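# Structural characterization, general
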Amino acid sequence: MMSFRDDLTNFGQTHLLEHMATLSPAQAQSFSKELASVDWGRARTMHESAGPGALPPLPSTLAPLDAEILSKDARDLAWKTGHDLLSRGQAGFVLMAGGQGSRLGFEGPKGACPLGLPDDLVLFEVQVRRLLRLAEICGRLPPFAVMTGPDNDEATREWFARRVGESLPEGWPEFFLQSSAPALDESGKALLSAPGRLALVPDGNGGIWQRLSESGILARWEGAGVRWIHIAGVDNLLSGPCDPVFLGFAHSRGQPLCVKSVLRTDPAERVGVYVLDENRRARVAEYTELPADSASRLDLDGLPVFREANIASHLVRVDALRDFARLDMPWHLARKKISSVDPRTGQTQETGLACKYERFLFDAFPAAQGISCMRVDRELEFAPVKNASGVDSPESARQALAAIHRHWRRSWGEFDASAWVDPRSSYGGERPGTRGQEASF
Ligand code: UTP
């Protein structure tokens, strides 16, 4: 049987064995446990397939993916269908919260970052309250799982355990830890974050399919009757978990995958767009991937040809999700500053930018048998919290939410339209205390 020592030798990581020899017996024992937990063959593959020397994938002929914009009547109809699906327990919600949130610079999980909202509400709490409210409207609480990352797993679980307010049902939400991978140097050697500790980093949200399956959540939810799983990023303050309109739309289109987009108006915006490849399969082209002439090409209406921006909100039918979980997803390289120690001396060293490898969940999309795309209003549904200040910050997200609440209050005929609306009392602008549909805009 091959031991991890053989793997380290075979995959060019002998510096780690040499480092182990410099450690105390207790340190060496925990280090060897960590080394044995890593798939070193996979580490080699990611470095060879996507590393600094790898050839970028050939650009394919890309065409824009078209989206549908729902009329008021179509939204109402979709809402009713979505409501029925939720009442029958056919949808569950997964919040992706495994990222490092490095741009935000907050110490804890992004979902727990103070946003300056009334009642000190944070992203996690807003999602919880919207789901509880939805349960009131539909008569059933959707199953809910949170994907955590190696840096925030403990803190995330603790946040939910300690949150103040209405007590949550036992085992709701569920948690599952995403996969991680070692950070490597330019030549593919694993870096150490401290003596006797590998620099392990979250390896992107693309592991979600496999982890949902391996964790048993997929099978359990499916067994309980779930047919659709809504997956959304943690950092959109306006995200509607298990949005009935989205669900109803997805269901009526009959495709196994349905995505939400917003209109990209600025060709310079750093956002991924939905495209069709040469096989007419849908995928997301990141802003770094789209050739400059395509990114800035305008259509006759003056808007970018590639205009459907990805807002990380996806509905996947469970049969497609099972297929996604079996895919071998491609790796992408991200260069990150990581503080590391010299394996020979144990002293902090300057390594320049380390190689961090990630998989993206949307790389599974071309495997779907069909896709539908629903374009929503940016002002109503997309306010990401990415940076500490300026664009896409707590401040900009708070303002976007306040504008919506003002509109809701006006639509309820209230005199003081400035007051905030607790997401526990209104999911989508329906009047608190009713079980009605969303507000119209
Ligand atoms: P981002 O690409 O914005 O990354 O993630 P991030 O980690 O939150 O922030 P930066 O780039 O370090 O500043 C988009 C969504 O994907 C999730 C994030 O939690 C967010 O909901 N994600 C990202 C994961 O769940 N795991 C990852 O490894 C990366």
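Here's a quick rundown of the structure. Every value quoted in this text rests on a predicted model; they were computed, and no experiment measured them.

## Examining the overall build of the chain
- Scanning the chain for helices and strands turns up 14 helices and 18 strands.
- For the chain, whose C-alpha radius of gyration is 23 Å, the value lies close to the compact-globule estimate of 22 Å for 441 residues.
- Each of the three principal axes of the chain carries a C-alpha extent, and together these read 70 × 50 × 45 Å.
- The buried share of the chain, reckoned over its 441 residues, is 52%.
- Look at the contacts in the chain between residues 6 or more apart in sequence, and 75% of them connect residues 24 or more apart.
- Surface summary for the chain: the accessible area is close to 20200 Å², and the carbon and sulfur share equals 50%.
- Charge separation in the chain, taken as the distance between the mean sites of 50 positive and 57 negative side-chain charges, equals 2 Å.

## Describing the side chain of His-15
- Tracing the backbone shows His-15 in helix α2 (residues 14-20).
- Given a relative accessible area of 12%, His-15 falls into the buried group.
- Look past the residues within four positions of His-15 in its chain and what remains in contact with it is Lys-189, Ala-190 and Pro-343.

## Observations regarding empty space enclosed by the protein
- For the structure shown, the criterion picks out one cavity of 30 Å³ or more.
- Counted as a void, the largest cavity has a volume near 30 Å³.
- What lines the largest cavity is His-230, Asn-236, Ser-239, Gly-240, Lys-260, Ile-311, Ser-313 and Glu-381.
- Grouping the amino acids of the lining of the largest cavity by side-chain chemistry returns one nonpolar, five polar and two charged.

## So, the side chain of Gln-90
- Within the secondary structure, Gln-90 is located in the loop between α5 (72-87) and β2 (91-97).
- The exposure class assigned to Gln-90 is buried, which follows from its relative accessible area of 15%.
- If sequence neighbours within four positions are ignored, Gln-90 has contacts with Leu-85, Gly-225, Val-226, Arg-227 and Trp-228.

About the criteria used
Residues numbered from 1 in each chain as written. Predicted model: local features only at pLDDT ≥ 70, side-chain atom pairs only at ≥ 80, totals over all residues. Heavy atoms only, no water. Helix = DSSP H or I, 4+ residues; strand = E, 2+ residues; numbered from the N terminus. Rg over C-alpha atoms; globule rule 2.2 N^0.38 Å. Buried < 20%, exposed > 50% of the residue type's maximum accessible area, 1.4 Å probe, protein only. Contact = heavy atoms within 4.5 Å. Areas by Shrake-Rupley, 256 points an atom, 1.4 Å probe, with all protein chains shown as cover. Lys, Arg positive; Asp, Glu negative; His and termini not counted. Charge placed at Lys NZ, Arg CZ, Asp CG, Glu CD. 1 Å grid on protein atoms, 1.4 Å probe; cavity = no way out; pocket = protein on both sides within 12 Å on 5 of 7 lines; lining within 4 Å. Points joined across faces, edges and corners; volume = space filled by probe spheres on them. Nonpolar A, V, L, I, M, F, W, Y, C, P; charged D, E, K, R; others polar.

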